[in-house]
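# Fold and contact review
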Amino acid sequence: MKIWQGYQKGINLGGWISQCKYEKSHYDTFITEQDIERIAGFGVDHVRLPLDYEVIQTPEGAWREEGFGYIDRCIAWCK
């Protein structure tokens, strides 16, 4: 088996912006910066961030900028 450098211990953030209640209050509180800090403290070197299209796109096909903000925020927290 090939050993990869880095990306050895990860965690899935499912339920935050995927398979969830599509409500701002949920997005704002389910995963926070403090959660990412705690996860990093466990020695996790990567997270998987699944998302549902409803978070970033309306039924009519327009982009939801706020939805992209949750993705951007998670990336910033992880850095």
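Look up: the structure comes first, before these words.
Just so it is clear, the structure is predicted and the values come from calculations on it, not from any experiment. (Residues numbered from 1 in each chain as written. Predicted model: local features only at pLDDT ≥ 70, side-chain atom pairs only at ≥ 80, totals over all residues. Heavy atoms only, no water.)

Considering the arrangement of structural elements, one finds valine 55 in helix α3 (residues 53-56). Remark: the alpha-carbon pair of valine 55 and isoleucine 11, spanning 44 residues in sequence, is separated by 21 Å. Leave out the neighbours within four places in its chain, and valine 55 touches Ile17, Tyr22, Tyr27, Arg64 and Gly67. (Helix = DSSP H or I, 4+ residues; strand = E, 2+ residues; numbered from the N terminus. Contact = heavy atoms within 4.5 Å.)

By the secondary structure assignment, alanine 62 is in the loop between α3 and α4 (65-78). Judged by relative accessible area, which is 41%, alanine 62 ranks as partly exposed. It is 42 Å that separates the C-alpha atoms of alanine 62 and isoleucine 3, two residues lying 59 residues apart in sequence. (Buried < 20%, exposed > 50% of the residue type's maximum accessible area, 1.4 Å probe, protein only.)

Moving on, we come to helix α2 (residues 33-41). Along α2, the positions that sit buried rather than exposed are Asp35, Ile36 and Ile39. One side of α2 holds all its buried residues, which, seen down the axis, span an arc of 100°. Within α2, the exposed residues directed more than 90 degrees away from the buried face are Glu37 and Gly41. Looking at the buried residues of α2, the elements they touch are β1 (10-12), β2 (46-48) and α4. Just downstream of α2 lies glycine 43, where phi reads positive at about 90°. (Arc of directions from axis to C-beta.)

Here we come to the packing of aromatic side chains. Taken as a whole and assessed by the stated rule, the structure comprises three aromatic pairs. Each ring, one from tryptophan 16 and one from tryptophan 77, has its centre 6.2 Å from the other, and the planes form 15°; the classification is stacked. Separated by 61 residues along the polypeptide, tryptophan 16 in the loop between β1 and α1 (24-29) and tryptophan 77 in helix α4 bring together distant segments of the chain. Taking the relative accessible area as the measure of exposure, tryptophan 16 reaches 0% and is therefore buried. (Phe/Tyr/Trp six-rings, centres within 6.5 Å; stacked < 30°, edge-to-face > 60°.)

Spatial relationships are all this shows, so hold off on functional conclusions.
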